[in-house]
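Descriptive structure summary
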Amino acid sequence: MSGHSKWANIKNKKGKADAAKGKIFTKIGREIQIAVKSGGPDPASNSKLKDVIAKAKAANIPNDNIQRSIKKAIGEGSNDNIEEVVYEGYGPAGVAVIVEAVTDNRNRTAAEIRHIFDKNGGNLGATGCVSFMFDKKGMIVVEKSDSVDEDTLMMDALDCGADDFSSEDEVYEIITDPVSFSSVRDALEEKGYTFVEAEVSMIPQNYVKLEEEQATKFEKLLDMLDDNDDVMEVYHNWEE
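Keep in mind that what you see is a predicted model, and the values were worked out from it rather than measured.

It is worth spelling out the sheet that holds strand S1 (residues 83-90) at this point. Spatially, S3-S1-S2-S8 is the arrangement adopted by the 4 strands of the open sheet, whose pairing is antiparallel. The strands lining the two open edges of the sheet, one partner per strand, are strand S3 (123-125) and strand S8 (231-236). Strand-to-strand twist across the sheet, computed as the mean angle between neighbouring axes with direction ignored, equals 30 degrees. In terms of strand pairing, strand S2 (residues 96-103) meets S8 through 5 bridges, oriented antiparallel. Its bridge partner being in S8, Val-97 is matched across the sheet by His-236.

Here is the structure:
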């Protein structure tokens, strides 16, 4: 059931800037606040918050940090004007790029994202210009180890409702429909599995190869996006 490694592309989608744990904590903390704002502070009744908390735990964010972000969202009226925005565009050689961000100033963020694309041989497009090239899927990634049997994990994943399972170099990839993502993740968690990634992602339908010079430009574009405080996630179809 394998094919081109989805994890191989997605694991680097946020680039080198997120190697620092503090940056990851800050960005996921903002995602938690957005989720609380949109659906309340109780993960039992707010599936979006439940999913972000699972993502936070996969990134080894301490529970104290998660609870602090929830309390901050409840207590800070100044966050009322923060909203989620999505930008779509093309990098060098037509690589498709989707940028998910949160902002308190749409005009400022749009200008900054447009500048990053322009500066690195890309261009920002209209909504919908590349999203049709991606499928929204739940992705659960389990690290290979002596304690995880591949056949058992595959059967457990499929029995829990997963759509696809593949074995890659260092990890096992489990793909789900976004609607069933939470239930599959919870069921596997109950069976004792731990995840290095657990989130709903935009997975490319096909991939673009770049020449060395184009790849260098595109990596710079990704780095600049990652350095922008408003950017939460970056998805692309560059075959690294």
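Resuming the write-up.
Looking only at helix H6 (residues 150-159), the buried set comprises Leu-153, Asp-156 and Ala-157. Here the buried residues of H6 occupy an arc of 100 degrees about the axis, which is enough to place them on one side. Exposed and facing more than 90 degrees away from the buried side of H6 are Asp-151 and Asp-159. Buried-residue contacts for H6 involve strand S4 (134-143), strand S5 (164-167), strand S6 (171-176) and helix H7 (181-190). Where H6 begins, the side chain of Asp-149 points an oxygen toward the backbone nitrogen of Asp-151, at a separation of 3.3 Å. Positive backbone phi, approximately 110 degrees, marks Gly-161, located one or two places after H6.

Here the focus is the confidence of the model for the protein. In this model, the protein carries a mean pLDDT of 87, and residues with pLDDT of at least 70 account for 89%. Segment residues 13-18: pLDDT under 50, and 20 contacts once partners within four positions in sequence are set aside and those in other chains are kept.

With that settled, consider the packing of helix H5 (residues 106-119) against helix H8 (residues 212-227). In the contact formed by H5 and H8, the axes pass within 9 Å of each other and the chain directions differ by 165 degrees. In terms of axis orientation, H5 runs roughly antiparallel to H8. Handedness of the crossing formed by H5 with H8: right-handed. On H8, the residues touching Ile-113, Ile-116, Phe-117 and Lys-119 of H5 are Leu-221, Met-224 and Leu-225. A per-class count over the contact of H5 with H8 returns 6 nonpolar, no polar and 1 charged.

Moving on: helix H3 (residues 47-58). Its 12 residues give H3 an end-to-end C-alpha distance of 17 Å, which sits within 8% of 16 Å, the value for a rise of 1.5 Å per residue. The complete set of buried residues in H3 reads Leu-49, Asp-51, Val-52, Ile-53, Ala-54, Lys-55, Ala-56 and Ala-58. For H3, the N-terminal capping position is held by Asn-46, with its side-chain oxygen 3.2 Å away from the main-chain nitrogen of Lys-48. At the exit of H3 stands Asn-60, carrying a positive phi of roughly 60 degrees.

What follows deals with the pattern of salt bridges. Across all of its chains, the model carries 13 salt bridges by this definition. Lys-55 is the partner of Glu-31 in a salt bridge, and the nearest nitrogen-oxygen pair spans 2.8 Å. With Glu-31 in helix H2 (residues 21-39) and Lys-55 in helix H3, this pair connects stretches of sequence that are 24 residues apart. On the basis of relative accessible area, Lys-55 is assigned to the buried category, the value being 10%. The salt bridge partner of Asp-51 is Arg-185, with a shortest N-O separation of 2.9 Å. Here the residue Asp-51 occupies a position in helix H3, and Arg-185 occupies one in helix H7, the gap between them amounting to 134 residues. Neither residue differs from the other here; Asp-51 and Arg-185 are each classed as buried. A single salt-bridge network, built from bridges that share partners, covers Arg-30, Asp-104, Arg-108, Glu-112 and Asp-230.

Conventions used here
Residues numbered from 1 in each chain as written. Predicted model: local features only at pLDDT ≥ 70, side-chain atom pairs only at ≥ 80, totals over all residues. Heavy atoms only, no water. Pairing = 2+ DSSP bridges. Helix = DSSP H or I, 4+ residues; strand = E, 2+ residues; numbered from the N terminus. Axes fitted to C-alpha atoms, helices over the stretch in contact; angles between N-to-C directions. Buried < 20%, exposed > 50% of the residue type's maximum accessible area, 1.4 Å probe, protein only. Arc of directions from axis to C-beta. Contact = heavy atoms within 4.5 Å. Polar contact = N/O pair within 3.5 Å; in protein donor to acceptor, adjacent residues only side chain to side chain. pLDDT = per-residue confidence, 0-100. Parallel < 35°, antiparallel > 145°, perpendicular 65-115°, else oblique. Left-handed = near helix turned anticlockwise from the far one by under 90°. Nonpolar A, V, L, I, M, F, W, Y, C, P; charged D, E, K, R; others polar. Expected span 1.5 Å × (residues − 1). Salt bridge = Lys/Arg side-chain N within 4 Å of Asp/Glu carboxyl O.

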